[in-house]
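# Descriptive analysis of the structure
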Number of protein chains: 2
Amino acid sequence: MDSIKNRKTIRKYKLTDVPSELLNSLLEESFRASTMGNLQLYSVVVTRDKSMKEKLAPAHFNQPMATSAPVVLTFCADFNRVSLWCRQRKAKPGYDNFLSFMNAVSDALLVTQNFCTLAEEVGLGICYLGTTIYNPDQIIDTLNLPELVIPVATITVGYPDENPDQPERLPVCGLIHEEIYRQYTSEDIDRIYQEKESMPENKKFVEINKTETLAQIFTDIRYKKSDLELMSDKFIGVLRKQGFFK
Amino acid sequence: MDSIKNRKTIRKYKLTDVPSELLNSLLEESFRASTMGNLQLYSVVVTRDKSMKEKLAPAHFNQPMATSAPVVLTFCADFNRVSLWCRQRKAKPGYDNFLSFMNAVSDALLVTQNFCTLAEEVGLGICYLGTTIYNPDQIIDTLNLPELVIPVATITVGYPDENPDQPERLPVCGLIHEEIYRQYTSEDIDRIYQEKESMPENKKFVEINKTETLAQIFTDIRYKKSDLELMSDKFIGVLRKQGFFK
């Protein structure tokens, strides 16, 4: 499938709007993904309003596409709707626990990826904002998410106004294990990361960031232990507040 | 896209094998999914060996497709490979925390869904085994998963030997929220679940299970609070053991 094989993240969009009908029909198709007990443990919040995008932007560290994309979609793990249904049907829901959160996360992320594929198939460009799980509290407040609903992925959507190079990927043999997981030797690691490290753009990246190695950019600048620990505590607080972790 | 629109879970497979070359090329394409910092925080374990399938089967509650499918794929959240790379490059990895687990889960599940779409496009059938996160400890033991690796999805793969009906889905308007999440009224819930509840197969399901409502099948039989609480504790234990939760 060319759209998956050739895919790249699009961060700049044309001003052209994405029609509601098209968006809803792509979402409807995406909801065909596998789902726990056919319960569809997700909701999608569609943001088109300029002022709403501006309210969401700080949660996404003000990345430009969060406000410049015509559509921002927040995919949420959702056990609220099912729980309301249960209570209304003389059934006592028991989904205020961590495993239920994980089930809803799975449902929501399968749908997210399905949507991305479908959007790209019709010529739209998307960008996945990983920031969603860094600042779920701000998103919850802005989007008015009730208990048992937590945002897990944000996708910006629009018609591409750029054509970036496709990012590199590790050699596939480094990610697949036959029958059992074979722990990597230091030679394996060298072999797997060799191409990535020798790419001119990554060498330049090291130069600009003034680190000794490419890996240090990740550990010392982009994804630092101290930040991740703070955000872990925040996320667990959100799980508690939204009722998934007693 | 017809393959997504018409998709259905396939639990019965022909004996025909799935060639390694085809499988690897589908996995390679699936690895084009969005990934945090282009770090590809996942691994896939391919199970073809009969005795290995039999060892995995109890973790999947011995569902027949776990042993009858020619291929079983276990998609894992993986911060082990990246951490080894960091250490080998004078970088100190700080990924033994919950947020890193969530980042790796996102990466792994996007790839899982990408793989499913690609497999279905070439005529393969898949079944998503939700049991993976119920019994991760057994899977970790069987597949020899090291610290910072946790299985998050299992997919059985093969050429379809059945053609089941497509399962119903809730009306799309019940899952999409414009601008903010609008809490459901009891009328909304009735409207959203009406079609599902009135389907002859679901009515029969209620009859067979001797419950008063369809919702009670989920709360009292299929996904019980007490089971989910036990499995939540187990999962958190696994997070701790695999080094994601101190």
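Preceding block: the structure.
Residues numbered from 1 in each chain as written. Chains lettered and ligands numbered in written order. Predicted model: local features only at pLDDT ≥ 70, side-chain atom pairs only at ≥ 80, totals over all residues. Heavy atoms only, no water.

## Some thoughts on the sheet that holds strand E3 (residues 125-129) of chain A
If you walk across this open sheet you meet the five strands as E3(A)-E4(A)-E2(A)-E1(A)-E5(B), and the pairing is mixed. The two strands at the open ends of the sheet, each matched to only one other strand, are E3 of chain A together with strand E5 (176-178) of chain B. Pairwise comparison of adjacent strand axes, ignoring direction, gives a mean angle of 25 degrees for this sheet. In this structure, E3 of chain A lies alongside strand E4 (residues 149-158) of chain A, joined through five bridges in antiparallel fashion. In the sheet register, Tyr128 of chain A faces E4 of chain A, and the bridge partner there is Ile155 of chain A. Packed onto the sheet, helix H2 (residues 20-30) of chain A meets strand E1 (42-47) and strand E2 (71-78) of chain A together with E5 of chain B and runs at close to 30 degrees relative to E2 of chain A. (Pairing = 2+ DSSP bridges. Helix = DSSP H or I, 4+ residues; strand = E, 2+ residues; numbered from the N terminus. Axes fitted to C-alpha atoms, helices over the stretch in contact; angles between N-to-C directions. Contact = heavy atoms within 4.5 Å.)

## Some thoughts on the interface of chain B and chain A
The interface is formed by 112 residues belonging to chain B together with 112 residues belonging to chain A. A buried area of about 10600 Å², summed over both sides, lies between chain B and chain A, and 59% of it is on carbon and sulfur atoms. The interface formed by chain B and chain A includes eight salt bridges. Our count for the contact surface shared by chain B and chain A stands at 75 residue pairs in polar contact (both at pLDDT 80 or more). (Buried area = accessible area lost by both parts, 1.4 Å probe. Salt bridge = Lys/Arg side-chain N within 4 Å of Asp/Glu carboxyl O. Polar contact = N/O pair within 3.5 Å; in protein donor to acceptor, adjacent residues only side chain to side chain.)

## Focus: the relation of the copies chain B and chain A
At an RMSD of 0.0 Å, chain B and chain A line up after a rotation of 180 degrees and a shift of 0.0 Å along the axis. Both copies of the chain, as the preceding transformation shows, are related through a two-fold rotation axis. A shared interface surface links the copies, since 100% of the contact residues of chain B are contact residues in chain A too. (Least-squares fit on C-alpha atoms with pLDDT ≥ 70 in both.)

Purely geometric numbers; function is a separate question.
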